[in-house]
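Chains, contacts and geometry: an overview
One-letter residues, chain by chain:
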There are 2 protein chains.
Amino acid sequence: MTGSPSPPHPRLRRTAGDRRAQLVQIGLELLPTTPVQELTIDEVARRAGISRSLLFHYFANKREYYTAVTRAAADLLWEHLMPAPGTPPEEQVTGMLDRYVGWVETFRESHLAFVRGAAGGDPWVSEVYEETRGRLVEVALAALGLPDDARHRQLVLAWFAFTEDLVGSWADEPTMTRPELLALLRDVLDRLVAR
Amino acid sequence: MTGSPSPPHPRLRRTAGDRRAQLVQIGLELLPTTPVQELTIDEVARRAGISRSLLFHYFANKREYYTAVTRAAADLLWEHLMPAPGTPPEEQVTGMLDRYVGWVETFRESHLAFVRGAAGGDPWVSEVYEETRGRLVEVALAALGLPDDARHRQLVLAWFAFTEDLVGSWADEPTMTRPELLALLRDVLDRLVAR
DNA sequence: CGGCTTGCTGAGCAACGCTCAACAAGCTAC
DNA sequence: GTAGCTTGTTGAGCGTTGCTCAGCAAGCCG
């Protein structure tokens, strides 16, 4: 008590890019335990060891912040799913599907949290994932050699919803083998678009 | 300014049941324009013509309130979908599917808002709809003459996700006729469980 | 009219999103 | 080395919103 106030932190100063990345990273780490929109600025700032005010220096408001966090999560998924350049089209969908199941197996909780946050209430958050889903549909339709029209988009998007739900519950309680799951999903897709 | 304060409301006093029902009703009316969790107590109280405090007399906290609103919405859907007693099993699923599409056609925006709120972040809200979905699966499996085991539940629940997504986007942009949509959904379900 | 139940309110606290004026770390110029 | 600029950073503080609590008053009974 009688000692000098002693600055607990040597007042580290980061570059703008570093700090921004750090804040988004903290958001990503908090995602599994907290719905995005319920992240509190206080908590994030505390973890980063900065004042609340600084967060508003990098993000105009709370929404812009958690939208950035959501976008970061979507980008991670996107990069993991994208086929390596040069992959033959007929293998692309199979590969993406396989990697998607792997992703859910590895990051089950955080992925579930991400999807829930993206599906739920806030339009600004939903839009981020919608956009990623849209790009995934484009890739899938191209790989399948199908036209990118409204009808095929609807069908493949609905199949995404089917896949997300089934893979999620399967990861929680495996009622079939992994290859069976993959075959089932692929089969449903093929029959759907073969009309 | 110089007039008497004049009590704007004659201080109407309602029974507990009436007031509760009124508050839930207001929540239902606000659902299409506002994600459930973002309903503000202020707004609801203002619309009901009561003080904020009174709302906390009926609902312990905000969550309990919007959970009640969500449950009311889920009950409305449930009552609309349930087959009339005495309906032969083979017609039950077809009828429920038909009524579901009708429901989405009629209440597109509010139903979308409801599903989004139920899917999104808050576990307490999700649980309400999860429970209704669970009961719907039971009815469907019974009508189809299938065992109510984990695997069938997973498949039918995933098919629900497929159906919700497809019917939602179809209502926005009809890419096929209504009978075609119903036939497609029914066909996907039949093939899924016929394994 | 006195007394009881209970629907109802207003003042007020704490948490949180957000603003703003000012401080200070680290670089460049002289 | 120091003057001066840029910009990362902070603290005080405001408005809104969820929530509490002591107490008022509407309607009923004796």
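It should be noted that the structure appears before, not after, this text.
Quick summary incoming for the structure in this document. (Residues numbered from 1 in each chain as written. Chains lettered and ligands numbered in written order. Predicted model: local features only at pLDDT ≥ 70, side-chain atom pairs only at ≥ 80, totals over all residues. Heavy atoms only, no water.)

Focus: the overall build of chain A
Tallying secondary structure elements over chain A gives nine helices and zero strands in all. Each helix and strand of chain A, placed in order from N terminus to C terminus, yields the pattern α-α-α-α-α-α-α-α-α. Taking 2.2 N^0.38 as the reference for a compact globule, 195 residues should give roughly 16 Å; the C-alpha atoms of chain A span a radius of gyration of 21 Å, well beyond that estimate. With the principal axes as the frame, chain A shows a C-alpha extent of 80 × 35 × 35 Å. Split into buried and exposed, the 195 residues of chain A put 46% on the buried side. (Helix = DSSP H or I, 4+ residues; strand = E, 2+ residues; numbered from the N terminus. Rg over C-alpha atoms; globule rule 2.2 N^0.38 Å. Buried < 20%, exposed > 50% of the residue type's maximum accessible area, 1.4 Å probe, protein only.)

Section: the nonpolar core
By size, the foremost hydrophobic cluster in this structure holds 125 residues, and its most contacted members are Phe162 of chain A together with Phe162 of chain B. Setting aside residues up to four positions removed in sequence, Phe162 of chain B forms contacts with Leu155, Ala158, Trp159, Phe162 and Leu192 of chain A together with Leu184, Leu185 and Val188 of chain B. (Core = buried A, V, L, I, M, F, W, Y, C linked by side-chain atoms within 4.5 Å. Contact = heavy atoms within 4.5 Å.)

Structural notes on the interface of chain A and chain B
Counting residues at the interface gives 30 residues for chain A and 30 residues for chain B. Summed over both partners, the interface of chain A with chain B buries about 2,800 Å², with 57% contributed by carbon and sulfur atoms. When the buried surface of chain A facing chain B is broken down by residue, Arg116, Gln154 and Phe162 of chain A rank first, second and third, together holding 21% of it. Our count for the contact surface shared by chain A and chain B stands at zero salt bridges. (Buried area = accessible area lost by both parts, 1.4 Å probe. Salt bridge = Lys/Arg side-chain N within 4 Å of Asp/Glu carboxyl O.)

Description of the protein's contact with DNA strand D
Arg14, Ser51 and Ser53 of chain A together with Arg13 and Lys62 of chain B are the nearest of the 26 residues found near DNA strand D. Within the backbone of Ile41 of chain B, one N or O atom sits 3.0 Å away from a phosphate oxygen of DNA strand D. At a separation of 2.4 Å, a phosphate oxygen of DNA strand D approaches a polar backbone atom of Lys62 of chain B. Here the surface near DNA strand D is composed, by residue class, of nine nonpolar, seven polar and ten charged. (Near = heavy atom within 4 Å. Polar contact = N/O pair within 3.5 Å; in protein donor to acceptor, adjacent residues only side chain to side chain. Nonpolar A, V, L, I, M, F, W, Y, C, P; charged D, E, K, R; others polar.)

Section: the pattern of salt bridges
Under the counting rule described, the total for this entry stands at 26 salt bridges over all chains. Notably, a salt bridge pairs Arg71 of chain A with Glu131 of chain A, separated by 3.3 Å at the nearest N-O pair. Within this pair, whereas Arg71 of chain A is found in helix H4 (residues 62-81), its partner Glu131 of chain A is found in helix H7 (residues 123-144), the two being separated by 60 residues in sequence. One salt bridge in this structure joins Glu164 of chain B and Arg133 of chain B, with 3.2 Å as the shortest N-O distance. Of this pair, Glu164 of chain B sits in helix H8 (residues 150-172) while Arg133 of chain B is found in helix H7 (residues 123-144), placing the two residues 31 residues apart along the sequence. The class for Arg133 of chain B is buried, based on a relative accessible area of 12%. Three or more residues are tied together by salt bridges with common partners; here these are Glu43, Arg46 and Arg47 of chain A.

Observations regarding the protein's contact with DNA strand C
In the vicinity of DNA strand C there are 24 residues, among which Arg13 and Lys62 of chain A together with Arg14, Arg19 and Ser53 of chain B approach most closely. Restricting attention to atoms of DNA strand C within 4 Å of the protein, one finds that 66% of them are sugar or phosphate atoms. One nitrogen or oxygen atom from the main chain of Lys62 of chain A is found 2.5 Å from a phosphate oxygen belonging to DNA strand C. At 2.3 Å from a base oxygen of DNA strand C is found a side-chain nitrogen or oxygen belonging to Ser53 of chain B. For the surface near DNA strand C, the secondary structure elements donating two or more residues are helix H2 (41-48) and helix H3 (52-58) of chain A together with helix H1 (16-30) and helix H3 (52-58) of chain B. Ranked by the residues each element gives to the surface near DNA strand C, the list is headed by H3 of chain B, at four residues. Here the surface near DNA strand C is built from residues that sort into nine nonpolar, six polar and nine charged.

Some words on helix H5 (residues 89-106) of chain A
Residue and element names in this part refer to chain A. Over its 18 residues, H5 runs 26 Å from end to end, which matches the ideal 26 Å to within 8%, given 1.5 Å per residue. For H5, the set of buried residues is Gln92, Val93, Gly95, Met96, Leu97, Tyr100, Val101, Gly102, Trp103 and Val104. Contact partners of the buried residues in H5: H4, helix H6 (108-119), H7, helix H8 (150-172) and helix H9 (178-193). (Expected span 1.5 Å × (residues − 1).)

Description of the relation of the copies chain A and chain B
Superposition of chain A onto chain B requires a rotation of 180° combined with a translation of 0.0 Å along the rotation axis, giving an RMSD of 0.1 Å. Viewed as a symmetry operation, the transformation between the two copies matches a two-fold axis. Across chain A, the smallest distance between a C-alpha and the rotation axis is recorded for Gly120 of chain A, namely 1.6 Å. The fraction of interface residues of chain A whose copies in chain B are also interface residues reaches 100%, indicating that both copies meet through the same surface. (Least-squares fit on C-alpha atoms with pLDDT ≥ 70 in both.)

Quick notes on the packing of helix H1 (residues 16-30) of chain A against H2 of chain A
All names here are of chain A. Two numbers describe how H1 lies on H2: the axes approach to 10 Å, and their chain directions differ by 120°. Relative to H2, H1 is oriented oblique. Judged by the sense of rotation from one axis to the other, the crossing of H1 with H2 is right-handed. Here Arg19, Gln22, Leu23, Ile26 and Leu30 of H1 lie close against H2, whose contacting residues are Glu43, Val44, Arg47 and Ala48. (Axes fitted to C-alpha atoms, helices over the stretch in contact; angles between N-to-C directions. Parallel < 35°, antiparallel > 145°, perpendicular 65-115°, else oblique. Left-handed = near helix turned anticlockwise from the far one by under 90°.)

Some words on the environment of Leu136 of chain B
Residue and element names in this part refer to chain B. Its place among the elements puts Leu136 in helix H7. Assessed through its relative accessible area of 7%, Leu136 is described here as buried. Measuring from C-alpha to C-alpha, the distance between Leu136 and Met96 comes to 9.5 Å, with 40 residues separating the pair along the chain. Excluding anything up to four places from it in sequence, Leu136 contacts Trp78, Leu81, Met96 and Phe160.

A look at the packing of aromatic side chains
Applying the stated rule across the entire model yields nine aromatic pairs over all chains. Seen in terms of ring centroids, Phe59 of chain B and Tyr65 of chain B are 5.1 Å apart; in terms of plane orientation they differ by 70°. Their pairing is edge-to-face. The class for Phe59 of chain B is buried, based on a relative accessible area of 0%. Here the basic side chain of Arg135 of chain A rests over the ring of Trp78 of chain A, its NZ or CZ set 4.3 Å away from the ring centre. (Phe/Tyr/Trp six-rings, centres within 6.5 Å; stacked < 30°, edge-to-face > 60°. Lys NZ or Arg CZ within 6 Å of the ring centre and 35° of its normal.)

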